[in-house]
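Listed below are the residues making up each chain.
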Amino acid sequence: MADGAILRALLSVSDKSGLADLGRDLAARGVELVSTGGTAKALRDAGLVVKDVSDLTGFPEMMDGRVKTLHPAVHGGLLALRDNPEHVAAMEAHGIGAIDLVVVNLYPFEAAVGKGASREEVIENIDIGGPSMVRSAAKNHGFVTILTDPADYAALVAEMDANGGATTQAFRTRMAGKAYARTAAYDSAIASWFAFSPAASDEPTLFPETLPMALKRADTLRYGENPHQSAAIYVPQVAGTAGVPQAAQLQGKELSYNNLNDADAALELAAEFAGQEPAVVIVKHANPCGVAQGPSLLSAWEAALACDSVSAFGGIVAVNTELDAATAEAISAIFTEVVIAPSVSEEAKAIFARKKNLRLLECGQLPNPRRGGLALKTIAGGVLIQSRDNGAISADDLKVVTRRAPTEQELKDCLFAWTVARHVKSNAIVYAKDGATAGIGAGQMNRRDSARIAAIKAKEAAETHGWAAPRTVGSAVASDAFFPFADGLISAADAGATAVIQPGGSIRDDEVIAAADAAGLAMVFTGMRHFRH
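Remember, predicted model here, so these are calculated numbers, not experimental data. (Residues numbered from 1 in each chain as written. Predicted model: local features only at pLDDT ≥ 70, side-chain atom pairs only at ≥ 80, totals over all residues. Heavy atoms only, no water.)

### So, the pairing of strand β13 (residues 359–362)
Logical step 1: With three bridges joining them, strand β8 (residues 248–251) and β13 adopt antiparallel strand pairing. Following the sheet pairing, Gln251 is matched in β13 by Leu360.
Logical step 2: Of the pairings in the sheet, the one linking strand β12 (residues 336–341) to β13 comprises four bridges and is parallel in character. When the bridges of β13 are listed, Ile340 appears paired with Leu361.
Logical step 3: Regarding topology, helix α15 (residues 346–352) serves as the crossover connection from β12 to the parallel β13, and that connection is right-handed. (Pairing = 2+ DSSP bridges. Helix = DSSP H or I, 4+ residues; strand = E, 2+ residues; numbered from the N terminus. Right-handed = clockwise from strand over helix to strand, strands pointing away.)

In structure tokens form, the structure reads like this:
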């Protein structure tokens, strides 16, 4: 018998998509079908002749199906080296028949976790026999073919037809590697669930001794941040995950590494305004360059664009509500790389269709900005891991530290500026007025320069639009971390800010508070900082 010849197949699948067609294709090529439980029933319902695994083992399925394939008659048929005389003799002595093809996909553990199933149901979805068969077949891929993905069924049939009912070593090797990747991801998902969902009597563990990760490649990308870098995107295999990778791309060129990174930054900030009045976020190089809320999405777009129309060119736009025709028309007036929204009206789709290269994404739901989870960053020799920055403050959390308390409007602008600042690279300074950013200073090595750069941008915007004064005049200013010296705050006052929101906590807080009082500013402390490196 030629290596890779398929005479007998064992099928045991949770996902039965494509199963009947595969069974028919195998039977038509003279392959004997052996199966278990529900898989056997599905094949018989399709009119196919199937032998039960219990016919091979001499034991019935038992313990609610927990024990059915864990038997020498199965694993001997999978692991035997067909060119080893001792293995062949052992098979003959014990009546073990060779199994040439294994088709297995595993109990839906990830789906059970994703839908919030009970602990008992999750445990019942930990597959034992399936991974065992997968690993046995994959180990013996010199002779046995293993399939773990319905997407490979057609390739198997084509391979058999091209090779006289057999598979090539190259095909078996490729499928074996895919099989081990699947069991590795499956075990990682299980280990992760145990690590982060302990029994009620255990203390939750944020950082387990070994951190398992199960990610699936969603796509390869043309290149990374730069053309000489390779790139791909991977996603967690958990139902209900929401974000840019899960969005439907309605039109435009394929998304690049930078597009995905920037679109994520825009969507995360837009999600801060979920359920509120319409909001528009414009991002450039992962930093917001204009953010606004308004009574309509169009008014929010106009206010966000006015903050820094120069940086908005070639930017990424995210909104918190359905994208309408009027806003689509306005966005189309400038060069935009990506637009992402929970939904897009048919009229808006038609308008964007005129911009063939613009990437239009419909995300369905906004991610939860307060969700938990871990943030990872690679460094030479290791990985830095921290909990996500999901901290939040409200008006009730603020402490007024100056003689003058903020007015109602100043307080509203303080909170708006603070929301934006947490999404700006440190050192971050954000001026806001009437629900719109007036100037943004990002990523500077000192806070004073961030304050000055934001004020310069606001002055340029005023000159561009013919305003009598920059919108920093009468604005609130947010600082993502405390002012270590009074100079940054004084720069904000010079720009016309009348209210300040910052974490506080500097050894020079008294000096900064005194400077605020001298300038007639109202200042509140949050007690929480938001560095974003």
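### Digging into the pattern of salt bridges
Where side chains of opposite charge bring their charged atoms close, a pairing between them can arise.
Logical step 1: As enumerated under the stated definition, the model contains 25 salt bridges in all.
Logical step 2: The shortest N-O distance in the salt bridge between Lys457 and Asp308 comes to 3.3 Å. Residue Lys457 is located in helix α17 (residues 447–465), and its partner Asp308 is located in the loop between α12 (297–307) and α13 (309–312); the two are separated by 149 residues in the primary sequence.
Logical step 3: The closest approach of N and O atoms between Arg422 and Asp389, which form a salt bridge, is 3.8 Å. Residue Arg422 is located in the loop between α16 (408–421) and β17 (429–433), and its partner Asp389 is located in the loop between β15 (382–387) and β16 (399–400); the two are separated by 33 residues in the primary sequence.
Logical step 4: A relative accessible area of 34% means that Asp389 is categorised as partly exposed. (Salt bridge = Lys/Arg side-chain N within 4 Å of Asp/Glu carboxyl O. Buried < 20%, exposed > 50% of the residue type's maximum accessible area, 1.4 Å probe, protein only.)

### Quick look at the packing of aromatic side chains
Logical step 1: Under the counting rule described, the total for this entry stands at five aromatic pairs.
Logical step 2: Considering the side-chain rings of Trp193 and Phe194, the 5.0 Å spacing of their centres and the 75° angle between planes classify their relative orientation as edge-to-face.
Logical step 3: Taken together, the ring pairs connect Phe109, Tyr186, Trp193 and Phe194 into an aromatic cluster. (Phe/Tyr/Trp six-rings, centres within 6.5 Å; stacked < 30°, edge-to-face > 60°.)

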